[in-house]
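# Residue-level structural notes
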Amino acid sequence: MTALRIGVVGCGAVSTLFHIPALKACPAANLTTLIDSDSAHAAAVGKRFRVADTATDYRQLVGAVDAAVVATPNATHAEVATYLLENGVHVLCEKPLATSADEARAMYAAAHGAGTRLMAAHSRRFGASILAVKDLLGRGNFGRLERMTMGLGSVYGDWPQRTDFRRQRVAGAGVLYDLGIHLIDLAVWLSGNRCSDISCRAVDDFGWQTETNAEVHLALQDGGEVFLACSYTHPLDRTLDIRGSGGWTKTSVDGAPELVFHSERSRLCRKGGVQRLVLDEADPYHVQVQHFLESVIEGREFIVREDEIVAGLTLLERCYAEGARA
Amino acid sequence: MADTARAFIELLEKRAPSPRISVIDHTQGPADWGSSEIVDLSGGTRLRFDSACLVDGAQIHELWLSDFALVTISDLVNSASQAIQGMLDAQALVLPKGGGRDVARIREAYVSLGSDLCILCGELTGALGATPSRWWAMSRDAAALDAAAARASGLTARSVPALRYLSRCEVVDLLPASSGAPTPQLEGHGRSTWSLGASRFLYELGCAGHAVGQDCTKAWRNLQRTPDFLRRRWEDFRASRGAGG
């Protein structure tokens, strides 16, 4: 397999902690260029990761790389990714892909028009335990999905970050866009994109004029329910809990690679009762980058599909329409 | 065994409406299974499940995530390490042999992968005359079947290592059944006590050697990681100095 030449746009925390190490470890990637608006920072990151070519303008990637990882502040994803897509560069774009569903549709349209590929980087889909849950759901092990709960929360500032856009009153800011979108995306994906209705309660605890805590309730088309919670003020239980008409599972949204489950439709559980599945440990960002590049090279469909991303952003918009940023 | 299995499949095809029958043939022999689908457990994905007795968990084929009825048919043969090798051992064939003890693997298979129906079969020679005659026995419980076979072979159930181990971990009834019906004498199937003791000693010695070998391999691998560990710490140290300066 010939390695693709890759550029990274935005050298903040998520790039230096996750994307760049994953790209350096991936045999399908040849990381050649780093872009950051701060040239000194780009040079420092380049030196640390032994990437010689650094620049401040993402337009310089055109013709120099085959694909790019876009990890800039949320409100700039559409502008940067669309330019690259229209100019022949495949894009893996950090979540949220865009600040609205219309913006996302326009980005995908740009990719379709130019014959390039666009994937939203929803890294939590690539955790070993989440992939195993999706596999069990796909096999029908839990029957009809009746209830799903999960949460993500950490005190704002505990998580490494280089810029502070998440607490400003700009598009793509707030806990729903930052953490909530992970949960909404998982809910859409795991439920088979069958969310029919949404309600949201959100509060601004610090007077940032953007939400710091939010609880989301999703109704599924066949009567199931999804409860999501995200917080910038306190840690939340990260357990993904799924109950269906024929079984249940518990695992962590982003923790140890294992899950506990019971399925009436599994011979193993019928004989041996509740089982703990122990999975091989793999960094979700490594798996994500490998999947993106292999899918581009081999022309395969991405795990993260366009319709699911648009559905997730539509649900997010409806959260705000209900007053999340009132 | 193949004849017994074929006869059972014929019976199912006659009695059950449109049965879907698949065969897992561990003998990999040239047996003709007719229209039955052959399932190859060497392909597909194996998943690792937590096991109370197996240190590295139980590697179970993904087929066990779906639901099906399982009938296990096995010969009864004598075994150097297990005295008799029957249904419990046959059930454990779906678990790959690892470094763990065979009795632990047998116990895990009995608990998690047990069959809905167990059929043990063989041939009687000597005691019932010059002409060999075939026999079979069935039960829903593999341990009960092996215990009965052990008794018929002139052994006590607790002298069979797998049954002894199982009775320590699970509630199993190894006492003779009280049906009063005559049972065949399966002479020649069981090993003598001293022969079994010697075999078990050698077997346990082999297991201990394997465990020591594994420990040495892991220790050597950890030692090999030392330069990389030191390099990463050195890079982190340099990076922190650079960031601070």
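As the structure is a computational prediction, the values presented were derived from the model and not from experiment.

### Brief notes about the environment of Gly-244 of chain A
Mapping Gly-244 of chain A onto the fold places it in strand 11 (residues 239-244). Here Gly-244 of chain A is in contact with Phe-142, Arg-144, Leu-145 and Glu-146 of chain A, once residues within four sequence places are set aside.

### Some thoughts on the sheet that holds strand 4 (residues 67-70) of chain A
Residues and elements named next belong to chain A. Strand order in the open sheet formed by six strands is 3-2-1-4-5-6, and the pairing between neighbours is parallel. Here the strands that pair on one side only, and so sit at the sheet edges, are strand 3 (53-55) and strand 6 (118-121). Across the sheet, the mean angle from the axis of one strand to that of its neighbour is 25°, orientation sign disregarded. Of the pairings in the sheet, the one linking strand 1 (residues 4-9) to strand 4 comprises four bridges and is parallel in character. Bridge assignment links Ile-6 to a residue of strand 4, and that residue is Ala-67. Sheet strands touched by helix 3 (residues 77-86): strand 1, strand 4, strand 5 (90-94) and strand 6. Its angle to strand 5, the strand with the most contacts, is close to 170°. Together, strand 1, strand 2 (29-35), strand 4, strand 5 and strand 6 form the strand contacts of helix 8 (residues 284-298), whose direction differs from that of strand 5 by roughly 155°.

### Section: the packing of helix 5 (residues 128-138) of chain A against helix 6 (residues 175-190) of chain A
Residue and element names in this part refer to chain A. The contact between helix 5 and helix 6 brings their axes to 10 Å, and the two run at 30°. Considering the angle they form, helix 5 stands roughly parallel to helix 6. Residues Ile-130, Leu-131, Val-133, Lys-134 and Leu-137 of helix 5 form the contact with helix 6, whose participating residues are Leu-186, Trp-189 and Leu-190. Residue composition of the contact of helix 5 with helix 6, grouped by class: seven nonpolar, no polar and one charged.

### Focus: the domain arrangement of chain A
All names here are of chain A. Per the domain assignment, the segments making up chain A are domain 1 (4-121) and domain 2 (125-286 + 310-321). Each of domain 1 and domain 2 has a C-alpha centre, and these two points are 26 Å apart. Every contact between the two is made by 26 residues of domain 1 and, on the other side, 18 residues of domain 2. Of the roughly 1,800 Å² buried at the junction of domain 1 and domain 2 (both faces included), carbon and sulfur atoms supply 69%. There are one salt bridge connecting domain 1 and domain 2. One salt bridge in this structure joins Asp-178 and Lys-95, with 3.1 Å as the shortest N-O distance. Our count for the domain 1 to domain 2 interface comes out at three residue pairs in polar contact (both at pLDDT 80 or more). Elements with a minimum of two residues in the side of domain 1 that touches domain 2: helix 1 (13-25) and helix 4 (101-114). Take the side of domain 1 that touches domain 2: its biggest share by element is eight residues, from helix 1.

### Looking at helix 1 of chain A
Relative to the 18 Å expected for 13 residues at 1.5 Å per residue, helix 1 of chain A spans 18 Å between its end C-alpha atoms, a close match to the ideal helical length. Residues of helix 1 of chain A that are buried include every one of Ala-13, Ser-15, Thr-16, His-19, Ile-20, Ala-22 and Leu-23 of chain A, and no others.

### Description of the packing of aromatic side chains
Counted according to the given criterion, the structure contains eight aromatic pairs over all chains. Seen from their ring centres, Trp-64 of chain B and Phe-68 of chain B are 5.4 Å apart, and the 80° between their planes marks the pair as edge-to-face. Given the relative accessible area of 2%, Trp-64 of chain B is considered buried. Chaining the aromatic ring pairs together yields one cluster made of Phe-142 and Phe-261 of chain A together with Phe-49 of chain B. Cation over ring: Arg-59 of chain A sits above Tyr-83 of chain A, and NZ or CZ is 5.6 Å from the ring centre. If you follow Arg-267 of chain A out to its NZ or CZ, it ends over the ring of Phe-68 of chain B, 5.3 Å from the centre.

### As for the sheet that holds strand 4 (residues 58-61) of chain B
Strands in a sheet are paired, the pairing made by backbone hydrogen bonds, and the direction either parallel or antiparallel. Read from one edge of the open sheet, ten strands run 8(A)-9(A)-10(A)-7(A)-11(A)-12(A)-13(A)-14(A)-3(B)-4(B), paired in mixed fashion. A single partner strand is all that each edge strand has here, and the edge strands are strand 8 (195-203) of chain A together with strand 4 of chain B. Strand after strand, the sheet turns through a mean of 20° between neighbouring axes, direction not considered. Bridge count between strand 7 (residues 145-153) of chain A and strand 11 of chain A: four bridges; the pairing is antiparallel. Bridging across to strand 11 of chain A, Met-148 of chain A finds its partner in Ile-242 of chain A. Along the sheet, helix 5 of chain A contacts strand 7, strand 11, strand 12 (247-252), strand 13 (258-263) and strand 14 (275-278) of chain A; its crossing angle with strand 13 of chain A, the most-contacted strand, is approximately 15°.

### Quick notes on the interface of chain A and chain B
Chain A puts 19 residues into the contact, and the matching count from chain B is 20 residues. When chain A packs against chain B, close to 1,700 Å² is buried across both sides, 46% of that on carbon and sulfur atoms. For chain A, the biggest contributors to the area lost against chain B are Arg-267, Leu-268 and Lys-271 of chain A; these three give 39% of the whole. Where chain A packs against chain B, one counts six salt bridges.

### Some points on the pairing of strand 2 of chain A
Residues and elements named next belong to chain A. With five of seven residues buried, strand 2 is to be regarded as a mostly interior element. Crossover handedness for the path strand 1 to helix 1 to strand 2: right-handed. Of the strand pairs in this sheet, strand 2 and strand 3 are connected by three bridges, and their pairing is parallel. Across the sheet, the residue bridging to Leu-34 is Thr-54, located in strand 3. In this view, the connection linking strand 2 to its parallel neighbour strand 3 by way of helix 2 (residues 39-48) has right-handed handedness.

### Considering a nonpolar patch on the surface
Where nonpolar side chains cluster on the molecular surface, the patch consists of Phe-201, Leu-202 and Leu-205 of chain B and spans about 340 Å² of accessible area. Mapped onto the fold, Leu-205 of chain B is located in helix 6 (residues 193-244).

### Re the environment of Leu-12 of chain B
All names here are of chain B. In this fold, Leu-12 is placed in helix 1 (residues 2-15). Residue classification places Leu-12 among the partly exposed positions, given a relative accessible area of 29%. The spatial distance from the C-alpha of Leu-12 to the C-alpha of Ser-115 is 16 Å, given a sequence separation of 103 residues. The contact partners of Leu-12, leaving out residues within four places of it in the chain, are Pro-19 and Ile-21.

### Structural notes on helix 2 of chain A
Note: α-helices contain 3.6 residues per turn, so residues at a spacing of three or four share the same orientation. All names here are of chain A. Buried residues of helix 2: Ala-42, Val-45 and Gly-46, and no others. In an axial view of helix 2, the angular spread of the buried residues amounts to 105°, which keeps them on one side of the axis. Exposed and facing more than 90 degrees away from the buried side of helix 2 are Ala-40, Lys-47 and Arg-48. Packing partners of the buried residues in helix 2 comprise helix 1, strand 2 and strand 3.

### What to know about unusual backbone geometry
All names here are of chain A. A cis geometry characterises the amide bond from Lys-95 onward to Pro-96, with omega recorded as -15°. A positive phi angle is found at Arg-50, which is not glycine, with a value near 55°. Tracing the chain through its elements places Arg-50 in the loop between helix 2 and strand 3. The phi angle at Asn-193 is positive, at roughly 55°, despite the residue not being glycine.

What counts and what doesn't
- Residues numbered from 1 in each chain as written.
- Chains lettered and ligands numbered in written order.
- Predicted model: local features only at pLDDT ≥ 70, side-chain atom pairs only at ≥ 80, totals over all residues.
- Heavy atoms only, no water.
- Helix = DSSP H or I, 4+ residues; strand = E, 2+ residues; numbered from the N terminus.
- Contact = heavy atoms within 4.5 Å.
- Pairing = 2+ DSSP bridges.
- Axes fitted to C-alpha atoms, helices over the stretch in contact; angles between N-to-C directions.
- Parallel < 35°, antiparallel > 145°, perpendicular 65-115°, else oblique.
- Nonpolar A, V, L, I, M, F, W, Y, C, P; charged D, E, K, R; others polar.
- Domains from an automatic or database assignment.
- Buried area = accessible area lost by both parts, 1.4 Å probe.
- Salt bridge = Lys/Arg side-chain N within 4 Å of Asp/Glu carboxyl O.
- Polar contact = N/O pair within 3.5 Å; in protein donor to acceptor, adjacent residues only side chain to side chain.
- Expected span 1.5 Å × (residues − 1).
- Buried < 20%, exposed > 50% of the residue type's maximum accessible area, 1.4 Å probe, protein only.
- Phe/Tyr/Trp six-rings, centres within 6.5 Å; stacked < 30°, edge-to-face > 60°.
- Lys NZ or Arg CZ within 6 Å of the ring centre and 35° of its normal.
- Right-handed = clockwise from strand over helix to strand, strands pointing away.
- Patch = residues over 30% accessible without salt bridge, like charges linked within 9 Å, V, L, I, M, F, W, Y side chains within 5 Å.
- Areas by Shrake-Rupley, 256 points an atom, 1.4 Å probe, with all protein chains shown as cover.
- Arc of directions from axis to C-beta.

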